[in-house]
Structure formats: structure tokens, C-alpha cells
Amino acid sequence: MAVPRDIAKAPVERAVSYSESGSPTTTFHSPPSASQGSFMGALVHRAASAAAKQLKPFNTKEVKILLLENVNQTGRDILTAQGYQVEFLKTSLPEDQLIERIRDVHVLGIRSKTKLTAKVLQEAKNLLVVGCFCIGTNQVDLDYAAQHGIAVFNSPFANSRSVAELVIGEIISLARQLGDRSLEMHRGTWNKVSSKCWEIRGKTLGIVGYGHIGSQLSVLAEAMGMTVIYYDVLTLMAIGTSRQVPTLEALLEDADFVTLHVPETPETKNMISTKEFERMKKGSYLINASRGTVVDIPALIKAMRAGKIAGAALDVYPNEPAANGDYFVNELNGWAEDLRGLGNIILTPHIGGSTEEAQRAIGVEVAEALVRYINQGITLGSVNLPEVTMRSLTVTEPKHARVIYVHRNVPGVLRKVNEILAAGEHNVDKQTSDSKGDVAYLMADVSNVETEQIKDIRDSLDSLSSRILTRVLY
Ligand SMILES: NC(=O)c1ccc[n+]([C@@H]2O[C@H](COP(=O)([O-])OP(=O)(O)OC[C@H]3O[C@@H](n4cnc5c(N)ncnc54)[C@H](O)[C@@H]3O)[C@@H](O)[C@H]2O)c1
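No experiment lies behind these values; they were computed from the predicted model shown.

### Some remarks on the site of the ligand
Right, so step 1: Within the structure, the ligand sits among 31 residues, and Gly-209, Gly-211, Ile-213, Gly-352 and Gly-353 are positioned closest to it.
Right, so step 2: Those elements giving two or more residues to the shell around the ligand turn out to be α6 (160–175) and α8 (212–223).
Right, so step 3: If one sorts the elements of the shell around the ligand by residue count, α8 sits on top with three residues.
Right, so step 4: Among the residues forming the shell around the ligand, the class breakdown is 13 nonpolar, 13 polar and five charged.

In C-alpha cells:
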């Protein structure tokens, strides 16, 4: 049986290579769904329903994927199950080798160590999409990628639960001075004390930033008998019996434990500094597993030395080393050694989200996003292209094609695209378009498309001056 394929064409400087063999009428074979096993996947799966037409870009077996940096098995399995050619490496690659290896790949999977600069990306002539199997995307030149029609996906929230659980552990550890007792025992010292050691039941937890992590934490803390208050710039529905307070000051004055779960923005830089420590209760605790810039650490050191703050847990720092080793020293952060000398402070190397479960969830989420993008052109969750989705074509629509046109966000493009489609007597059944900065993404499902017309559609769209990338899936 001939395999279905996509006619995709990248900008002139990036001519995506593909096979035009196969028949578009054989597009209905259903590979194992990549969307099984996750909530998001279940939603997509349900929306697609059993009669969804499997749109295939290229001959499936021609889709070349390179996965670097030991991407989790869950992600590898999903991509392999699609029939793509998946090459897997445990490590990242030095720039020269990376350039050699990515010249002909359509999909690249990385984690945080692979730097995808403009210099590297411009060599990847066939590249359609990058999956960052991690949280951050700083390692990718997102703007260059968008300008060249390369979608980038990541997994920002797959580790929320892991962070929330770590914070629960830290609350108890700080209240019982566990870190110090354990260190003393490691040094051979028996020091049984109960003074200033507390149960957490009945204490008030103040959560700053009630998003994915903050709200998870709220549930766990209440289950342990804590009273939860939270402050957020948005008015958010309270979970359980937690209560939103109107200001950060109100939270600081009331909380026995203050935990930070805000993003890094100009507004959150040094959000907790001298003035805020003065507001906090004497003997209260501070936890920061958000971003290193949110706490003014010299001010924390002063507040702890003065006995105002009874303990702290820090997982994140303004400057973090790129590799493991003996780097937590003054050369990296001027106050590191002062911090290390304090009592009842838990210092961890940005491990809040580092669990096996989170890695597995990231593998599933990113791989599913890649499959949706390759097979259906859906950009939901993309960090650099506008997020566009449409319900699937169904098997009862055999002469339909999905046109994807990534283009410069200039006036009149929609009209020109529709003129091209109308000239071919194709009916636009549904169409959606969105823009992000100067890049726009148009998706249209058109009917009355004969196989031999697909190339004409693609060529006509390619001839428009606004074009960045054209794909026709069918
Ligand atoms: N330690 C780790 O390993 C780890 C892992 C994952 C996430 N994080 C960090 O945790 C933080 C929270 O992540 P999340 O997934 O919960 O994010 P999120 O976007 O789901 O939630 C952030 C919340 O903060 C609120 N907020 C933004 N600015 C604010 C301000 N100035 N004052 C008060 N509230 C504000 C937002 O409205 C939102 O509700 C982020 O900084 C993220 O980078 C750390």
C-alpha cells in the first residue's frame, strides 16, 4: 500500500526535502495514537474521534527525527510508534558535530544543553520543528526559528507536582530543623532538642503566586492541617478553604511560612527584600523554588543572622552553574559562602522539578505536541509561533486537504491566499489564522482538492512574497 505524504516546502533558503511518492487516497491508516496516556492527549484523542482522518506529512517513514540529551523513553516511544525514523543520542553535541547531524533532520529533540543558535539553525535546511524536552527554551534562538517557520515546543508545567512536593518536604524540614540535625549526626554529634521545633499543623502557609505550582501546593498543605493564604496579581478561585489576600504585605504579616511561586519578571525581581523581611513574622520561614532573582539574598542573610527569619530553603539562585561540580562558591554568587554558613537553611541545586515522573511527563507532552504539529499542523503550546488549532478532518472528507501557510504578518495575505484557493475552485470549509509579532500562521481545510492540484496550491502559495513556509497535508 502506498503511504500518504505531505507536500511541504520551506523558504527558499530551507527547501525541506520530502518524497512525493504515494497516494493521498491512502491517508487513512491509523498509527497508534500518540495521544494516549495524558490528559491533554485524551482531550485531543476525544476531539479527533474514531473517524478522524490521519493527515500525514511526508511518507511517515521519511520523517527524520534526531533526539539528543537522553530524551525520556516515553517521548521516544511515542515518536517511534508513528513510524518516523528516530535517531537517539544520550548526549548533546559540540556545535560542529551538531551542524553536521541536523542538516537533513525534520524534527530535533533537545534538552537544555544543546544551543540552537541562528548559526546552527540556518544549516538545518529541512528542520520543521524543535521539541525542547524541558521547561526552558533560552537555549534556542526562538525569533530566528519563528522567522524561518520552525516551530518550537516545550513542557512548562509537567513538573509542577514535583516542585509542590519538594516544598512540602521543606516546610516540615525547616520546622523541625532536620537539615541541621542530620548534618550534626553526620559529624558524629547527638543533639536532641525540641526548642523552636514545631508541628506544621495549624500554621499558616502564605503562597505568593497561585499558578500551577502554588495551587497544587495549596491542596497538599491543607491536607496536612495548614491554613493557606495566597497572593497573586490575578484574582483566582481559591482551592479548598484557602483564601486570597489583597496584598503581598497582608500575606507577609500573617504567614508562618512564605513560599514563592511567581515567574521571573521585572516586577518580581527582589520581590522579597529588606522591607518585606521586616513585615514578616518573627521566627517565620522563607522558601524560594521559583526563580533566583525573586529574593534579595544579602537581605535574607541579614534577616536570618538577626533571628527574624528562623529558616529558609532555596532551590534557585541568580547565577546557576551550567554543569555539576564544586561551583556554589563566591565566584559565582558573591554571598554563597555567607549563605552556606547559616543554620537551618536548606540549599538545593535547582532540583524542584527534577523527578523521574516529571521527566516522563515531559517526554509525553513534548512528543505529543510534535506529532500534532507534524501530522496536523497544530501549534498549540508552541512558544514561538501563534497557537492555532482546528478539529481534524474526517475519513468522510477524502478530497480535503489542510493548507498551512506560515507568513509575514503583512496586510492582504488572507485575501491573496483565498484568491489562490478560489481560483482552483476549492472551497474553504474552515480557516483560522493568528499572528505573533511579525509572523502569522494560517490553517485552512479546503475541499474539492484532486491529488494533482496539491502541487499547484503549494506552488502558488510559495510564490507569494509573504511566504515563510507552506505545507499541504492531506
Ligand atoms: N525549582 C524548580 O525546579 C522549578 C520548576 C518549575 C517551575 N519553577 C518556577 O516556579 C515558578 C512558578 O511556576 P508555575 O508553573 O506555578 O507558574 P504559573 O505561571 O503557573 O504561575 C505563576 C503565578 O504567579 C502569578 N504572578 C505573576 N506575577 C506576579 C506578581 N508580581 N505577584 C504575584 N503573583 C504573580 C501569576 O498570575 C500566576 O498565577 C516559575 O518561576 C517557574 O520558573 C521552578
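### Describing the pairing of strand β5 (residues 129–132)
Remark: a regular strand shows side chains that alternate across the two faces of the sheet.
Right, so step 1: Taking every second residue as pointing to the same face, both faces of β5 are buried, with Val-129 and Gly-131 on one and Val-130 and Cys-132 on the other.
Right, so step 2: Here strand β4 (residues 107–110) runs beside β5; their pairing, made up of four bridges, is parallel. Bridged to Val-107 within β5 is Val-129.
Right, so step 3: Judged from the three bridges that link them, β5 and strand β6 (residues 151–153) form a sheet pairing that is parallel. Its bridge partner being in β6, Gly-131 is matched across the sheet by Phe-153.
Right, so step 4: Since β5 and β6 lie parallel, the crossover through helix α5 (residues 142–147) that links them has a hand, and here it is right-handed.

### Details of the sheet that holds β5
Right, so step 1: Taken together, five strands build an open sheet; the order of strands is β3-β2-β4-β5-β6 and the sheet is parallel. Unpaired on one side and paired on the other, β3 (85–88) and β6 mark the two borders of the sheet. Pairwise comparison of adjacent strand axes, ignoring direction, gives a mean angle of 15 degrees for this sheet.
Right, so step 2: Packed onto the sheet, helix α2 (residues 73–81) meets β2 (64–67), β3 and β4 and runs at close to 155 degrees relative to β3.
Right, so step 3: Across the sheet, helix α13 (residues 356–376) is in contact with β4, β5 and β6; its angle to β5 comes to roughly 170 degrees.

### Quick word on the environment of Pro-263
Right, so step 1: Residue position: Pro-263 is located in the loop between β10 (257–260) and α10 (274–279).
Right, so step 2: Residues Pro-263 and Arg-291, 28 residues apart in the sequence, show an inter-C-alpha distance of 6.8 Å.
Right, so step 3: Among residues more than four places away in sequence, those in contact with Pro-263 are Thr-268 and Arg-291.

### As for the nonpolar core
Right, so step 1: One finds Val-130 and Leu-370 to be the most contacted residues of the largest nonpolar core, which totals 74 residues.
Right, so step 2: Top contributing element to this core by residue count: α13, with eleven residues.
Right, so step 3: When sequence neighbours within four positions are dropped, the list of residues in contact with Val-130 reads Leu-108, Ile-110, Leu-116, Val-140, Ala-145, Ile-150 and Val-152.
Right, so step 4: Within the second largest apolar cluster, 49 residues are counted, among which are Ile-272, Leu-300, Ala-313 and Val-316.

### As for the pairing of β3
Right, so step 1: Pairing of β2 with β3 involves four bridges; the strand directions are parallel. Note that in β3 the partner of Leu-67 across the bridge is Phe-88.

### Quick look at the packing of α6 against α8
Right, so step 1: For the pair α6 and α8, interaxial distance at closest approach is 8 Å and the crossing angle is 45 degrees. In terms of axis orientation, α6 runs oblique to α8. Note on packing geometry: the crossing formed by α6 with α8 is right-handed. In contact with Ser-160, Arg-161, Val-163, Ala-164, Val-167 and Ile-168 of α6, α8 contributes His-212, Ile-213, Gln-216, Leu-217, Leu-220 and Ala-221.
Right, so step 2: Taken together, the residues that form the contact of α6 with α8 break down as eight nonpolar, three polar and one charged.

### Let's talk about the packing of α2 against α13
Right, so step 1: Where α2 contacts α13, the axes come no closer than 7 Å and their chain directions differ by 25 degrees. Judged by the angle between their axes, α2 and α13 are roughly parallel. Helix-helix and strand crossings are classified by hand; for α2 and α13 the assignment is right-handed. Contacts between α2 and α13 involve Gln-73, Thr-74, Gly-75, Ile-78 and Leu-79 from the first element and Arg-360, Gly-363, Val-364, Val-366, Ala-367, Glu-368, Leu-370 and Val-371 from the second.

### Concerning the confidence of the model for the protein
Right, so step 1: For the protein, mean pLDDT is 89; residues scoring 70 or higher make up 88% of the total.
Right, so step 2: No element of the protein has a lower mean pLDDT than helix α1 (residues 39–48), at 34, and none a higher one than β10, at 99.
Right, so step 3: Below a pLDDT of 50 lies the segment residues 1–50, which in the model reaches 105 contacts outside its immediate sequence neighbourhood of four places, other chains included.

Rules used in this analysis
Residues numbered from 1 in each chain as written. Predicted model: local features only at pLDDT ≥ 70, side-chain atom pairs only at ≥ 80, totals over all residues. Near = placed C-beta within 6 Å. Helix = DSSP H or I, 4+ residues; strand = E, 2+ residues; numbered from the N terminus. Nonpolar A, V, L, I, M, F, W, Y, C, P; charged D, E, K, R; others polar. Buried ≥ 20, exposed ≤ 12 C-beta atoms within 10 Å, placed from the backbone. Pairing = 2+ DSSP bridges. Right-handed = clockwise from strand over helix to strand, strands pointing away. Axes fitted to C-alpha atoms, helices over the stretch in contact; angles between N-to-C directions. Contact = placed C-beta atoms within 7 Å. Core = buried A, V, L, I, M, F, W, Y, C linked by C-beta atoms within 7 Å. Parallel < 35°, antiparallel > 145°, perpendicular 65-115°, else oblique. Left-handed = near helix turned anticlockwise from the far one by under 90°. pLDDT = per-residue confidence, 0-100.

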